[in-house]
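What follows is each chain in one-letter form.
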Amino acid sequence: MSLSTSSTFAPPISSARASAVILGANRSVPQGAGTTITWTATPCGGRGPYEYKWLLYNGSEWDVVKNWSEANTFRWTPVFANPRYRVAVWVRGAGSSVDDFDATTEAAFAIDEVSGLAPFAPAAMSPGTSAPVQPVSTVTLAANPSPPQPVGTTIDWTASATGGGAGRQYKWFVYDGSRWKVASSWSTSDTLRWTPLRPNPRYRIAVWARSAGSITDYFEACAEVEFAVNE
């Protein structure tokens, strides 16, 4: 899923909005075609009942596989081998009817012809060894202080990732309501200090995460969060 605007609607900030979502699978990668994988989404912040929308990437395009509902689980049985599958979930808080997320995350999942025969492709190597590491499976974002905040306030963002080995890497982005800009390129720093200089109810912060040793300019897991800045 690329970092691009999908809606020009600016939803109001309220305590009902989820601030993050964690995505987990009951099986590790890779698995064989025909294996059923159960995905579970765990929202953070906001107020329930939450609603979820599930999407699947096949290596070239995204498809909605389960539209908005209160089901925080998704059972997926891939029929074909594909090292580039990705599963994503959108979450929105109580009372929202906007077809957009309060928080989102996604995870890569490789499917082999026969389960367990091939490592995730492309596989990063553990620093100083020839052993491949598993990809980053999830990443979440937290802000201190929480939104909304006035112009000139310094906000400390922290990314919390699972998988990817020691030395996993992060790339940070800021969305100003019309376009995304790189705020910090790939490094092992899981924090970003951001001081917005203009009011904007539609700022978004995003982080990409990749495995230790990876040199691919793309994420294995990503997350983004909206952050309103007032006068």
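Residues numbered from 1 in each chain as written. Predicted model: local features only at pLDDT ≥ 70, side-chain atom pairs only at ≥ 80, totals over all residues. Heavy atoms only, no water.

Draft legend 1. Main features of the sheet that holds strand 6 (residues 73-76). In spatial order, the strands read 1-3-6; together these three strands make up an open sheet with antiparallel pairing. The open sheet terminates on both sides in strands that have one partner only, identified here as strand 1 (20-25) and strand 6. Across the sheet, the axes of successive neighbouring strands diverge by a mean angle of 20 degrees, strand direction being ignored. (Pairing = 2+ DSSP bridges. Helix = DSSP H or I, 4+ residues; strand = E, 2+ residues; numbered from the N terminus. Axes fitted to C-alpha atoms, helices over the stretch in contact; angles between N-to-C directions.)

Draft legend 2. Spatial organisation of the pairing of strand 17 (residues 191-194). Taking every second residue as pointing to the same face, the buried face of strand 17 carries L192 and W194, while none of T191 and R193 on the other face is buried. Pairing between strand 14 (residues 155-163) and strand 17: four bridges, direction antiparallel. Within the sheet, the bridge partner assigned to T158 lies in strand 17 and is T191. (Buried < 20%, exposed > 50% of the residue type's maximum accessible area, 1.4 Å probe, protein only.)

Draft legend 3. Geometry of the side chain of E220. Structurally, E220 can be placed in the loop between strand 18 (200-210) and strand 19 (221-230). A distance of 2.7 Å separates a polar side-chain atom of E220 from the backbone nitrogen of V136. In contact with E220, not counting residues within four places along its chain, are R86, E106, A107, A108, P135, V136, A209, R210, S211 and S214. (Polar contact = N/O pair within 3.5 Å; in protein donor to acceptor, adjacent residues only side chain to side chain. Contact = heavy atoms within 4.5 Å.)

Draft legend 4. Seen up close, the packing of aromatic side chains. In the structure shown here, the tally under the stated rule is 14 aromatic pairs. Aromatic side chains W194 and F227 sit 5.7 Å apart centroid to centroid with 85 degrees between the ring planes, which places their arrangement in the edge-to-face category. Here the residue W194 occupies a position in strand 17, and F227 occupies one in strand 19, the gap between them amounting to 33 residues. For F227, a relative accessible area of 0% corresponds to the buried category. Chaining the aromatic ring pairs together yields one cluster made of W39, W76, Y85 and F109. The aromatic ring of W68 is capped on one face by R92, whose charged end is 4.0 Å from the ring centroid. Cation over ring: R210 sits above W186, and NZ or CZ is 4.0 Å from the ring centre. (Phe/Tyr/Trp six-rings, centres within 6.5 Å; stacked < 30°, edge-to-face > 60°. Lys NZ or Arg CZ within 6 Å of the ring centre and 35° of its normal.)

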